Amino acid sequence: MLTIGVDIGGTKVAAGVVDENGAIVENALRPTPADRPDLVAETVADVVKELSRGKDIEAVGVGAAGFVDETRSIVRFAPNLAWREEPLQKKITELIGLPVVVENDANAMAWAEARFGAGRGESHLVCVTVGTGIGGGIVIDGHLYRGRWGMGAELGHMQVVPEGRLCGCGNLGCWEQYASGNALVRETREIVANQPERATTLLALAGETIEGEEVTEAARQGDEAALAAFASMADWLAQGLADLAAILDPGRFIVGGGVSRAADLFIDRTRETFARVLTGRGHRPVADIRLAELGASAGLVGAADLARRR
């Protein structure tokens, strides 16, 4: 039984034929027509038709960054593609003639990890994607939790600092402003501006423009400013996980996203700080914190499996 999963990103549309075990049988890529969001459905239909040739495809799952409604059909809001109340399921179904399920991309990633990756064997888990911002997905008692209107698990927008840093969502003090890739770079730049003597290796690598790759490389070479920025990010990440544990009490947290590729620089400190700030520490089990296993393919694998279970 084969389904197709599609992951719509800001720059590319990644799609794959996925079997019942979460294995990708065949995949394909297309550039995302980000300047023409009205053409995204046609792009998805084109890649689905290509992958469907000679195969018996049951359904299609589509992962999109944005708020997806409770019926898994309408993208209410997607900042990267300027979608507002986009009837994506209807458009794609009309073009391909197959059942279509639309899901938030972080939810799809969380479901893939729960079914086939780092979440196997755990029925209560929270998946946190740490990249430019922070996304997430929640699985409770083996079921993907979406909320009343399909918009749950926007974890990056918990307020952790009242009247804190301005977030792209319009609010102040959101978690992703302190524990994301962008936060890491911002923290590093602030340290360098105030204490450049702590960043000799970083400045030699980056020159005038400090970005995430230079921060990571400098930290691996022992640069004091870069290591301090990673430590700050780890502590903020741990505090947010502890807050989530107080509400959801999961057995496992899964950390993925682009920043997780530098996990050797922060994951141990995140685990240590989490155990130290956890509510009720010493009188409760401490959830595992594991790294995601499926990498960039998780979104399309999860979307495909959700379409199979529609």
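Everything numeric here is computed off the predicted structure, so don't read it as measured data.

Enquirer: An account of the pairing of strand β2 (residues 12-18) is requested, with residue identities and associated values reported.
Expert: Burial analysis of β2 places six of its seven residues in the buried class, which makes it a mostly covered element. Pairing analysis gives six bridges linking strand β1 (residues 2-8) to β2, with the strands arranged antiparallel. Across the sheet, T3 pairs through a bridge with V18, a residue of β2. Note that β2 and strand β3 (residues 24-31) share seven bridges and pair antiparallel. Bridge pairing in β3 places K12 opposite P31. Where β2 folds back on β3, the antiparallel hairpin that results is connected by five residues, among which G22 adopts a positive phi of roughly 80°.

Enquirer: Would you mind going over the pattern of salt bridges in detail, with residue names and values included?
Expert: Tallied over the entire structure, the rule returns 24 salt bridges. E211 serves as the salt-bridge partner of R189, at 3.1 Å between the closest nitrogen and oxygen. Within this pair, whereas R189 is found in helix α5 (residues 181-194), its partner E211 is found in the loop between α6 (200-206) and α7 (212-220), the two being separated by 22 residues in sequence. Relative accessible area serves as the criterion here: at 39%, R189 is assigned to the partly exposed category. In this structure, the salt-bridge partner of R271 is D268, at a minimum N-O distance of 3.5 Å. Placement of both R271 and D268 in helix α9 (residues 267-277) is noted, with a separation of three residues, approximately one turn of the helix. The partly exposed category is assigned to R271, whose relative accessible area is 33%. Residues joined by salt bridges that share partners form a network here, namely R115, D305, R308 and R309.

Enquirer: Residue-level account of empty space enclosed by the protein, with values.
Expert: Per the stated rule, a full pass over the model turns up one cavity of 30 Å³ or more. Of the voids in this model, the largest cavity is the one considered here, and its volume is about 30 Å³. H124, L125, V126, I138, V139, I140, L248 and P250 together form the lining of the largest cavity. Classifying every residue of the lining of the largest cavity gives seven nonpolar, one polar and no charged.

The rules behind these values
- Residues numbered from 1 in each chain as written.
- Predicted model: local features only at pLDDT ≥ 70, side-chain atom pairs only at ≥ 80, totals over all residues.
- Heavy atoms only, no water.
- Buried < 20%, exposed > 50% of the residue type's maximum accessible area, 1.4 Å probe, protein only.
- Helix = DSSP H or I, 4+ residues; strand = E, 2+ residues; numbered from the N terminus.
- Pairing = 2+ DSSP bridges.
- Salt bridge = Lys/Arg side-chain N within 4 Å of Asp/Glu carboxyl O.
- 1 Å grid on protein atoms, 1.4 Å probe; cavity = no way out; pocket = protein on both sides within 12 Å on 5 of 7 lines; lining within 4 Å.
- Points joined across faces, edges and corners; volume = space filled by probe spheres on them.
- Nonpolar A, V, L, I, M, F, W, Y, C, P; charged D, E, K, R; others polar.

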